[in-house]
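# Remarks on the overall topology
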Amino acid sequence: MAYSAPRGTVDLLPQQTKNWQYLEQLLRTIAFNYNVKEIRVPIFEHTELFNRAVGDTTDVVSKEMYTFKDRGDRSLTLRPEGTAGVVRAFVENKLYVNPDKLTKLYYMGPMFRYERPQKGRQRQFHQFGVEMLGLENPEVDVECMVMAVTIIESLGLQNVKLHINTLGDETSRENYRQALMNHFKPGLNELCGDCQARFEKNPLRILDCKVDKAHPLIKTAPKTIDYLTLEAKAHFEKVCALLDDLEIDYLVDTNLVRGLDYYCHTVFEVISEDPTFGNAATLGGGGRYNKLVQEMGGPETPGVGFAFGMERLALALDQMEPEEEDALDIYIMPLGQEARDLSLQIVTMLRANGFSCDMDYANRSMKAMFKTVDRLQAHFAIIIGEEEVKNEVVNIKCTHDKVQETVPLEDIVAYIEHHLEGGHEHE
Ligand code: AMP
């Protein structure tokens, strides 16, 4: 019986993990530069957490969660997004007791959504996300957006646009909700069953319905921006002014509402206009959530954050030539059993001295072993035959200048060190 990976999941093979490691390292470096610290939270949480935080009228909660009962009859869910768990941990561990007032956290890891798999859309996918908790200042919204833009720029991605919008504060949202209800009421029966249910509970969610997205009622729907209170308007204007000062290119997209319930004020998405991304053009998005910490049982603490889909960022890297040097230092080629025994000792000793090396265990021909040396781009080949074992020496061949020398066992490390550091000086 042959097994295949579950639908919507993929294996990342060594060829790809190289790019992923590069991507992860780049994200960690940028996080470090922004003084954003890593947090690691569980991959599953109590189902109720997501119902509450993400909102039970959202597609993510109502249709896409991997929810199961554990053996203790608890309802648990594989996390579909990162914010809920991070906010839960922030409250539970009292991270809000912070003299700096602003707590900046990032996470990286797998998320799970039961969606229809397609290019750039999986059931297990990865996100890199950032949450900045503690302050309501528009500067913090902008810091998040600048960080998102920096990530895109560091990956060398072209034709990417920052789309921004505002949902306003609670009063703005309530005014807007009323306006949406007035707008949709007369034509409600033309919308899908889900939208009819959303109408009473959360009409905002009608705007990101995948079924009705081309319906004229959605196209002509009122815009959040026309229902803002003065404070909400001032917040958004400040955000735009700060982005202008920093000369960050953005587009005010009044249709942008985001698919999760916790957002208020600023929302944003980073969208690629490059056709290779197809339907997966939204590389990431985020926004402000000022009530979430309180809803999770913590003190009133405003927050703002964003998440990128790492598969989509990795797509960009697939097109890039990796800069990273991953050649092995040494490959050992034993000829015969005794030479193999000695090689095992040498390979262990070389690794303990910090060299990257490997050896042949398969008793292959010299030719086959030299092919491996080429494939691995090893700097040195060490060749050991019966004679060498007897004389307690090895032959070291530099693959760059092809010079081969016989070296006593006790001098191997010094020899390799000398020639590696000297940049193969007999070249
Ligand atoms: P969201 O949490 O829905 O705002 O998603 C943030 C980002 O995660 C999106 O812009 C995508 O890049 C990525 N993403 C969301 N869902 C998936 C998925 N099913 N497969 C791959 N990437 C996804």
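First, a word on what this report is: a plain description of the structure on this page. What you see as residue numbers is a count from 1 along each chain, following the sequence as written. Only residues with pLDDT of 70 or above have their local features reported here, since the model is predicted, and side-chain atom pairs are shown and tallied only from 80 upward, although totals for entire chains, interfaces and linings are computed over all residues. Hydrogens and water molecules were not included; the side-chain quantities draw on all heavy atoms of the structure.

## As for helix H9 (residues 230–245)
Counting from the N terminus, the helices are DSSP H or I runs at least four residues long and the strands are E runs at least two residues long. To estimate how far a helix should reach, multiply one less than its number of residues by 1.5 Å. The end-to-end C-alpha separation of H9 is 22 Å, in line with the 22 Å expected for 16 residues at 1.5 Å each. Taken together, the buried positions of H9 are occupied by Ala 232, His 235, Phe 236, Val 239, Cys 240, Leu 242 and Leu 243. Mapping the buried residues of H9 onto a view down its axis gives an arc of 160 degrees, with all of them on the same face. The exposed residues of H9 that point more than 90 degrees off its buried face are Leu 230, Glu 231 and Asp 245. Contacts are residue-level and defined by heavy atoms, with any inter-residue pair within 4.5 Å sufficient. Elements in contact with the buried residues of H9: helix H5 (138–154), strand E7 (160–166), helix H6 (170–184), strand E8 (250–252), strand E9 (264–272) and strand E10 (282–288). One or two residues past the end of H9 sits Glu 247, with phi positive at roughly 55 degrees. Each residue's exposure class comes from its accessible area (1.4 Å probe, protein chains only) as a fraction of the maximum for that residue type: buried when under 20%, exposed when over 50%, partly exposed otherwise. Working note: the arc is built from the helix axis to C-beta atom directions.

## Quick word on the packing of aromatic side chains
Only Phe, Tyr and Trp rings take part, Trp by its six-membered ring, and two of them pair if their centres are within 6.5 Å. Stacked means planes under 30 degrees apart, edge-to-face means over 60, and tilted covers everything else. Under the definition given, this model contains nine aromatic pairs. Seen in terms of ring centroids, Phe 44 and Phe 68 are 6.3 Å apart; in terms of plane orientation they differ by 75 degrees. Their pairing is edge-to-face. Remark: Phe 68 occurs in strand E3 (residues 66–69) and Phe 44 occurs in strand E2 (residues 44–46); sequence separation between them is 24 residues. On the basis of relative accessible area, Phe 44 is assigned to the partly exposed category, the value being 45%. The exposure class assigned to Phe 68 is partly exposed, which follows from its relative accessible area of 33%.

## A look at the sheet that holds E3
What holds strands together in a sheet is hydrogen bonding between their backbones, with the strands either parallel or antiparallel. Taken in spatial order, the three strands line up as E2-E4-E3 in an open sheet, and their pairing is antiparallel. Two strands close off the open sheet at either side, each with one partner strand: E2 and E3. The average angle at which neighbouring strand axes cross in this sheet is 35 degrees, direction not considered. One ladder, built from four bridges, connects E3 with strand E4 (residues 75–78); its direction is antiparallel. Pairing between strands is defined by DSSP: at least two bridges between the two strands are required. An axis is simply a line fitted to the C-alpha atoms; with a helix, the fit covers only the stretch in contact. Between two such axes, the angle follows the N-to-C directions and lies from 0 to 180 degrees.

## With respect to the layout of surface pockets
Put simply, the second largest pocket is a space of about 690 Å³. The pocket and cavity definitions rest on a 1 Å grid over protein atoms only: a 1.4 Å probe that fits but cannot leave marks a cavity, an open set with protein on both sides within 12 Å along at least five of seven lines marks a pocket, and residues lining either have an atom within 4 Å of a point. Taken together, 29 residues make up the lining of the second largest pocket; nearest its centre are Glu 170, Arg 173, Tyr 263, Cys 264 and Lys 291. Elements with a contribution of two residues or more to the lining of the second largest pocket: helix H2 (47–54), H6, H9, E9 and helix H10 (292–295). It is H6 that provides the largest number of residues to the lining of the second largest pocket, a total of six residues. Polar here means any residue outside two lists: the nonpolar Ala, Val, Leu, Ile, Met, Phe, Trp, Tyr, Cys and Pro, and the charged Asp, Glu, Lys and Arg; Gly therefore counts as polar. When its residues are assigned to classes, the lining of the second largest pocket shows 11 nonpolar, five polar and 13 charged. Grid points are joined across faces, edges and corners, and a volume is the space filled by probe spheres set on the points.

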